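Report on the structure
One letter stands for each residue in the lines below.
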Amino acid sequence: MSTKTLSVPGARPTTAPALGPERPVAWPRQSVRTLSNGLQVVLAELHTFPKVAAQLFFRSGNAAVALATPGLAEITATVVRTGTASRPSRRIEEDLRRMGADLGTHAGADSSAISIAGLAEFSGGLLEMVADLARNASFTAEEVERERRQKIEELRIERTTPGFLGSECLRRVLFGAHPYAIVAPTEEQVGGYTREQLADFYRRYYVPENALLLAVGDFKTGAMFEQIEKVFGSWRAPQPEVQKSPAPPKNIGRHVHLVHLPGAVQTQVLVGNLAITRRDPDWLRLTLANSIYGGAFHSRLVINIREQKGYTYSPRSGAHPLRQQGYFSVHAAVRNEVTAATLTEIFYEMDRMRSIPVTAEELDSARSYMTGVFSLGVATLDGVVGQLANVYLERLPADYLETYREKIRALTADDVLIAARRYFDSANAQIVLVGDRAQIADQAALFAEVTEYDAQGKQTSK
Amino acid sequence: MERLRIPVEYTTLANGLRVVASPDRSAPVVTVGVYYQIGFRLEPRGRSGFAHLFEHMMFQGSENAGKMEHIRLINSSGGLLNGTTNYDITNYFESVPSNALERVLWLEADRMRALKVDDENLRNQRDVVKEEVRVNVLNQPYGGFPWLDLPPVAFRNWPNAHNFYGDFTDLDAATLEDVGNFFHTYYAPNNAVLLMLGDFEPAEGFALAKRYFEDIPAHPLPPRANVSEPAQTEERRGEVEEKFGPLPAMAIGYTAPPRGTDDWYAATILDRALHGGRSGRVHRELVLEKQIAVEADGSADTFDTNGPTQMVTRIFHKPEFTTDQTLAAFDEIIRGVQENEIREDELDPVKVKFRADFYSMLEGGMGAHMPRFGLMHYLACFTLFDGDPQRINTILDGFLAVTPKQAQAAARKYLVPKNRAIVVRRPVAHGAAR
């Protein structure tokens, strides 16, 4: 192998300069208050740009009703933005534009949210818009029908998207009877939901006792609280009941789940197992171990299967902290012929993390990475909103953000080993492959028994 | 109206490297970028996709930081990094805690000075790039729609009209010699701008820039290539097979007025009246009111191109409507802005939204952990293309001054059939997905 140096002359230092002294991270001051109707409000001032971002969360998402009505929370959220008692759809969109605002209404597994961001000079109007959508959504038959058709077409596209098919299948095999198993409804289910079902979800769960309002941006905290009290203070509704979910299965041994996508020119490889929530005492240990394994560009898995072997463009691992039960997963989109080789390396790197302590240098790098990226997130509006949402939605300790960096710095190689042994469960991991059966079935069978599915999620073998 | 003022300081080193500093001490982080004025428009013929493949090679090792060292040094300093290839620029950027500023400058200078790569690195990144093309284009529904579909239909001059991600045969043909030639031709300090944003004093940043970059020799640049397009005389059309997705889609691109002209400002505001989410006329008419489309929106690469570019509308329509029916409904929207002025009570909110979007871009623009990426990006483009980073503080004026009459004139002049190209994505397998 020939090495070519494309060099031009000039004197210069040949080693990287040392890091300078670290400047302390000043977390934007948070103010927390609960209104008399139970609405929890968290504010943080950030004066870098004349913008305000606000998110109103409800602690009920798709999982709240997934066993009876999958995806109902998501379609409800979609329809929420299409009209209120006083504002038809077109008026909402025009009002938003007049305030320089973007609006999103979505539901995930654990929460539903109305998110708005716009110019600070319109902060009062932005809050009124959020309150109007939270309290007065009209669910007209016409809007429901239009959004229903949109949703069905979106689902059809998702069912041709390898990334979607892979995560859908992994969630199903990891969570079994638990509502987290279902990430999307079927076309038939979307076709069957009535406007009364949507309105009922809204009435039950879009209530102040179930809500958290976050606002971050260029405002004065005192004036903002007054505005919020004025807009949200008269809102009253009973607290919803929270239903208990069935336990997810305990998977023993590896199993391969192959989703057949005819004509695929690449294979989406996923490996996963159940893990923990953000409230678990092991959470920071797991995130640190994940960053060494495959959660950063400079991580073992990325170096191995991308930079050394060239199997894939964007391999990554992640710890996913759902509220009741988290999971750990690895994914990589690889050329068909290296599907088995990729799985071998994924398991090799998991087992190496489980058996040999990480080096002092790796540990130090990873701790710096975690604390540094955390600091970057303090410097943007979206970053601050996201971190506050993590803390207050999951009811983490109030000092979570302030103490995060020192807690990360205190972690040891033993902590990483403990986390890897507990949560990189290579012996019982579930394998999902999305690709063309003819190209990969033989490789799949090398790892465990194989169950095949079609793109609709229907089991087609055994 | 509150007017934002961004602090910007600007200097040029003896070797021609332009350096821009924009301090902001509110958080202890810095974002650093090096932008080279070379993109996929000017990659060598027979080497489609090369500018992007080359961008990958810039992460494979430089004289004093071998393979993975660059990435290790940034990640272990608590930072994130990336690079992107665009039509007329290629950028490399990092966000790090501010105590790593000097280290980042050392790394960027090291790879501006001397790339150190071998055949094994090239083979490896060629494989990686092919998987990138598969995951983003060949194995995705609507992959490459319409950014790879439109240029070959819309344009006639190869720099504007080829496959920017690259044919696999061209990627396979790339050699280490090509890598060397490309580096020596375009990766010169006098063809680049260095940007520093965030937690540092400009004087200190300029001193560090001088220390690490100024002795990198300048070299002569090739004469500016001709990227102009021959005059278009009729509407152009193309069709691409959609292998996975179930819905028919179409993209309509109108070639935009030249950068910096009065028409450019007017056409940009016109674009925002037509597009820009659910309040734009295209989405409102096609999705919300006529309900022909499932999704319809569009955009123009206003700030970061320096050659022929298009305002593009993307429509995914219901299978029960034909291409012709959908296009007729779209054309009716275009006729609407040609025949009648957009009234001020519609155009004023469009401008408010334009200002808000501009601020959002400056503030972030690349996710929650890359502070001020957009500010860096715009400053780089104003420096490289217009010679003046201070334009960041005045550019809004031109857009906010556009009148209904000017927007209408731009619609009549530019939104005409002989200035447009249309590409249809036709699903081949829509039975299979249902």
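Residues numbered from 1 in each chain as written. Chains lettered and ligands numbered in written order. Predicted model: local features only at pLDDT ≥ 70, side-chain atom pairs only at ≥ 80, totals over all residues.

**Here we look at the overall build of chain A**
Keep this limit in mind: The helix and strand labels rest on DSSP assignments: H or I over at least four residues marks a helix, E over at least two residues marks a strand, and numbering proceeds from the N terminus. Within these notes, the globule rule equals 2.2 Å times the number of residues to the 0.38 power, and the radius of gyration is based on C-alpha atoms. Here the C-beta atoms are placed from the backbone, and a residue counts as buried if at least 20 other C-beta atoms lie within 10 Å of its own, exposed if 12 or fewer do, and partly exposed otherwise. In this description, any two residues whose backbone-derived C-beta atoms lie within 7 Å of each other are considered to be in contact.
Looking only at helices and strands, chain A features 16 helices and 13 strands. Relative to the compact-globule value of 23 Å for 462 residues, chain A shows a C-alpha radius of gyration of 24 Å, a close match. Across its three principal axes, chain A shows a C-alpha extent of roughly 70 × 65 × 45 Å. Within chain A, the fraction of its 462 residues that count as buried is 50%. Look at the contacts in chain A between residues 6 or more apart in sequence, and 80% of them connect residues 24 or more apart.

**A look at the overall build of chain B**
The secondary structure content of chain B amounts to 16 helices and 12 strands. At 22 Å, chain B has a C-alpha radius of gyration in line with the 22 Å of a compact globule built from 434 residues. C-alpha extents for chain B along the principal axes are approximately 60 × 55 × 40 Å. For chain B, the proportion of its 434 residues judged to be buried stands at 57%. For chain B, long-range pairs separated by at least 24 residues make up 79% of all intrachain contacts whose partners lie at least 6 apart in sequence.

**Considerations on the sheet that holds strand β9 (residues 267-274) of chain A**
Residues and elements named next belong to chain A. To keep it simple, the criterion reads: Being paired, for any two strands, means DSSP has found at least two bridges between them. Lines fitted to the C-alpha atoms define the axes, with helices restricted to the stretch that makes contact. Angles between their N-to-C directions range from 0 to 180 degrees.
Taking strand neighbours across the sheet as the criterion, the six strands line up as β10-β11-β9-β12-β8-β13 in an open arrangement whose pairing is mixed. A single partner strand is all that each edge strand has here, and the edge strands are β10 (316-320) and β13 (450-453). Taking each pair of neighbouring strands and ignoring which way they run, the sheet shows an average axis angle of 20°. Pairing analysis gives five bridges linking β10 to strand β11 (residues 327-334), with the strands arranged antiparallel. Pairing of R316 across the sheet is with H331, part of β11.

**What to know about the nonpolar core**
As a reminder of what qualifies: Joined through C-beta atoms within 7 Å, a set of buried Ala, Val, Leu, Ile, Met, Phe, Trp, Tyr and Cys residues constitutes a nonpolar core.
Of all hydrophobic cores here, the largest spans 282 residues; its most connected members are A54(A) and V130(A). Counting residues per element, this core draws most heavily on helix α14 (residues 373-386) of chain B, which supplies nine residues. The contact partners of V130(A), leaving out residues within four places of it in the chain, are A54(A), L56(A), I114(A) and I116(A).

**Focus on the environment of R259(B)**
Within the element layout of this structure, R259(B) appears in the loop between β9 (249-255) and α10 (262-274). For the pair formed by R259(B) and V416(B), sequence separation is 157 residues and the distance between their alpha carbons is 19 Å.

**Here we look at the pairing of strand β1 (residues 9-12) of chain B**
Bridge count for β1(B) against strand β2 (residues 18-23) of chain B is four bridges, and the pairing is antiparallel. What sits directly across from Y10(B), in β2(B), is V20(B).

**Comments concerning the confidence of the model for chain A**
Threshold: pLDDT is a per-residue confidence score from the predictor, ranging from 0 to 100.
Averaged over chain A, the pLDDT score is 95; the fraction of residues at 70 or greater is 97%. Counting contacts from residues 1-10 of chain A, a segment whose pLDDT is below 50, to residues more than four positions away or on other chains yields 27 contacts.

**A word on helix α16 (residues 404-414) of chain B**
All names here are of chain B. Our working rule: By definition, the arc is the one covered by directions from the helix axis to the C-beta atoms.
Taken residue by residue, α16 has A407, A410 and A411 as its buried positions. The arc enclosing the buried residues of α16, seen along the axis, measures out at 100°, which places them on a common side. In α16, the exposed residues that point more than 90 degrees away from the buried face are K405 and R412. Of the surrounding elements, those touching the buried residues of α16 are α10, α12 (323-339) and α13 (344-363).

**Observations regarding the interface of chain B and chain A**
Note the threshold: Polar here means any residue outside two lists: the nonpolar Ala, Val, Leu, Ile, Met, Phe, Trp, Tyr, Cys and Pro, and the charged Asp, Glu, Lys and Arg; Gly therefore counts as polar.
With 83 residues of chain B at the interface, the matching set in chain A holds 82 residues. Broken down by secondary-structure element, the contributors of at least two residues to the side of chain B that touches chain A are α2 (69-75), β5 (90-97), α3 (101-113), β6 (115-118), α4 (119-138), α8 (176-186) and α13 of chain B. Counted by class, the side of chain B that touches chain A contains 39 nonpolar, 21 polar and 23 charged residues.

**Considering the domain arrangement of chain A**
Residues and elements named next belong to chain A. Where we set the bar: Each domain span listed reflects an automatic or database assignment of domains.
Segmentation of chain A into domains returns domain 1 (30-232) and domain 2 (255-453). For domain 1 versus domain 2, the separation of C-alpha centres amounts to 29 Å. Counting residues at the interface gives 27 residues for domain 1 and 27 residues for domain 2. Elements that contribute at least two residues to the side of domain 1 that touches domain 2 include exactly β3 (40-45), β4 (51-58), α5 (162-175) and β7 (211-217). Element by element, the count of residues in the side of domain 1 that touches domain 2 is highest for α5, at eight residues. Looking at the side of domain 1 that touches domain 2 residue by residue, the class counts come to 16 nonpolar, eight polar and three charged.

**Observations concerning the domain arrangement of chain B**
Residue and element names in this part refer to chain B. Domain boundaries assigned for chain B yield domain 1 (9-213) and domain 2 (236-427). The centre of domain 1, based on its C-alpha atoms, is set 27 Å off from the matching centre of domain 2. If you look at the interface, domain 1 gives 33 residues, while domain 2 gives 34 residues. Class assignment for the residues of the side of domain 1 that touches domain 2 results in 20 nonpolar, nine polar and four charged.

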